[in-house]
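# Observations on the model geometry
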Amino acid sequence: MESLIPTWQVTFLCGILTWIVVSSMFNVTRMIRSLTQPWVSSCVISGTPVILQIQKYQHTFLDALFAGLSCVVSVPFYTGFLPLLFWSGHGKLARQMTLLMAFCDYTGNCIKDVVSAPRPKSPPVRILTVTEDEKENAMEYGLPSSHTLNTVCLSGYLLHYVLSCNEKSDTSFQLASFAFVCLFVGLIGLGRIYLGMHSVVDIVSGLVLGLAILAFWLCIHDHVDNFVVSGQNVTSFWAALSLLLLFAYPTPEFPTPSFEYHTAFTGVALGIVTGVQQTYEHFHHEQVARVFTPRLQMAAFSGRILIGIPTILVVKFCSKALAKWILPITANALGISIRSSGYVPALTGSSTVKKSNGYLQKMLFFSNQDSLDVDSGIRLLQYAGLAWSVVDLVPSIFSKLNL
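First, a word on scope: everything that follows refers to the structure included in this document. (Residues numbered from 1 in each chain as written. Predicted model: local features only at pLDDT ≥ 70, side-chain atom pairs only at ≥ 80, totals over all residues. Heavy atoms only, no water.)

## Brief notes about the nonpolar core
Counting residues in each nonpolar core, the largest one holds 70 residues, and the members touching the most others are Phe86, Trp87, Leu99, Leu100, Trp238 and Val276. Residues Leu327, Ile338, Tyr343 and Val344 belong to the second largest nonpolar core, which totals ten residues. (Core = buried A, V, L, I, M, F, W, Y, C linked by side-chain atoms within 4.5 Å. Buried < 20%, exposed > 50% of the residue type's maximum accessible area, 1.4 Å probe, protein only.)

Written out as C-alpha cells, the structure reads:
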C-alpha cells in the first residue's frame, strides 16, 4: 500500500533530522573546520611551486585543451547531456548517472564548505577561466576538486556499464577501456592544476573521494534503481529527503555558489525520480527503443532533440515563475520568515524580510538564522520541474508524435 511508510524510510529521514539538530547545537561544522582547514591551507601553499612548475609549459594549445576538457566534465555539460541519454533509450544508465551526479555534487560541495580551504593564490599562480561557469567555480573553495571527483565517478560508472553490457568482450578491449578512463581522469586532474584552479591536494582528495563514492555506488546502484522504479512511497520519501538535505548542508566560512549548485542538482534528482516512478512502464523500461537501432533511427532521435530541448526550457521557465508565486504565499501562511537573494524583488534586502514567530519557524531553524532564503526552494522546484519534463512530459509528447 502506498499509504504505508516503510520503517527504513522513517529511520533514515529521522537520522538526517537528528544530525541537523545535533550538528547545529554543537557547531560540528566549525569543529571539523578548525581541525582540517589549517592543514589543507598549508598543503595548498606548499604545493604552489608544483603548480608553477607545470605552468612553465604554458601554450595556447594546452590552454584550449584543458579548458575544453574542463567544460566537457562540468555540471552544465552533464545537465545538457543527461536528457539526451534518457531520450536515446538508455534509461537505466541515465537514471544512475543522474543520481550518482547528484550524490557526488552534494558530497563534494559539503566537504568544500566544511573545510573552506582556499584555492591557489593568484599571483603567483596564473588562473585561466574562459567561461562564466569557470568564473563561478573559481568562487568556490578548493578541496576536493569537483571536476576530478565527478570524472572518476561518472567515467568509472560508464566503464562498468559498458563492460557489463559486453560481458563477452575480450581482455584487450577491457584493458583499453580501463586505460582510456585512467588517461581521461589524469588529463582532467592535470588540467585543473595547469589552469590554476586547484592544487595537488585538491586533486588527490577528489581522486580518493571519487573512488570511494564509486565503490560505494557500485554496491548499492541496483537497490537504488529497484526502489526508484518499483519501490513503495518513493515520491514522498524523495521529496522529504530533498528538503532535509537543504537544511543538512553545512554553512561555509564565507558564502559560495556551492549551495546553489547542489540545490539545483538535488532538484534534478527529485524530478527524475518522480517522473520515472510514475511512467516507468510506459517510457523507461528495458525494452524501449534505443538510438541507432531500427526502432529509433537517427532521424527520429534528431526530431526528439528538436522538440524536447525547447519543451524542457519552457517548463523550466514556467516552473520558476510558478515557484516564485507559490512559495512566498505558502511560507507566509505557515509563519516562516523569508527573504530573497534576487529571485523575488519584493523580498530582497533586510528591510523587506517578512518576520514571524510561528511554531514552524522555530522548528525549522536550529541556527542563528532569522529567515529562510526562498530562492533555494524556488531553485529546487525549478530544476525538479525541468527534470520531470525530461522523463514524463517530453516522452509523452514523443509518444503522441510517434517519435
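## Details of the state of the cysteines
All told, the structure shown has zero disulfides when counted by the stated rule. Looking at the unpaired Cys104, the closest cysteine sulfur is the one in Cys153, lying at 3.3 Å. Take Cys165: it sits in no disulfide, and the sulfur closest to it among the cysteines is that of Cys219, at 19 Å. (Disulfide = S-S within 2.5 Å.)

## Some points on the side chain of Gln37
Topologically, Gln37 is positioned in helix α2 (residues 28–46). Side-chain polar atoms of Gln37 contact the side chain of Glu253, separated by 2.9 Å. When neighbours within four sequence positions are excluded, Gln37 is seen to be in contact with Val115, Ser116 and Glu253. (Helix = DSSP H or I, 4+ residues; strand = E, 2+ residues; numbered from the N terminus. Polar contact = N/O pair within 3.5 Å; in protein donor to acceptor, adjacent residues only side chain to side chain. Contact = heavy atoms within 4.5 Å.)

## A short note on the packing of aromatic side chains
Throughout the structure, instances matching the rule amount to twelve aromatic pairs. Between Tyr106 and Tyr249 the ring centres are 5.9 Å apart and the planes differ by 75°, which places this aromatic pair in the edge-to-face class. With a gap of 143 residues between them, Tyr106 in helix α6 (residues 91–115) and Tyr249 in the loop between α11 (234–248) and α12 (258–284) connect regions that are remote in the sequence. Just as Tyr106 is buried, Tyr249 falls in that class too. One aromatic cluster is present, built from ring pairs that chain together Trp8, Phe12, Phe227, Phe237 and Trp238. (Phe/Tyr/Trp six-rings, centres within 6.5 Å; stacked < 30°, edge-to-face > 60°.)

## Remarks on the environment of Ser41
Following the sequence through the fold, Ser41 ends up in helix α2. The sequence separation of Ser41 and Val115 amounts to 74 residues, and the corresponding C-alpha distance is 9.5 Å.

## Observations regarding helix α9 (residues 171–194)
For α9, spanning 24 residues, the distance from its first C-alpha to its last is 34 Å, which sits close to the expected 34 Å at 1.5 Å a residue. For α9, the set of buried residues is Ser177, Val181, Phe184, Val185, Ile188, Gly189, Gly191, Arg192, Ile193 and Tyr194. On its buried face, α9 is in contact with α3 (48–55), α4 (60–72), α7 (132–137), α8 (146–165) and α10 (200–230). Positive backbone phi, at 80°, marks Gly196, one or two positions downstream of α9. (Expected span 1.5 Å × (residues − 1).)

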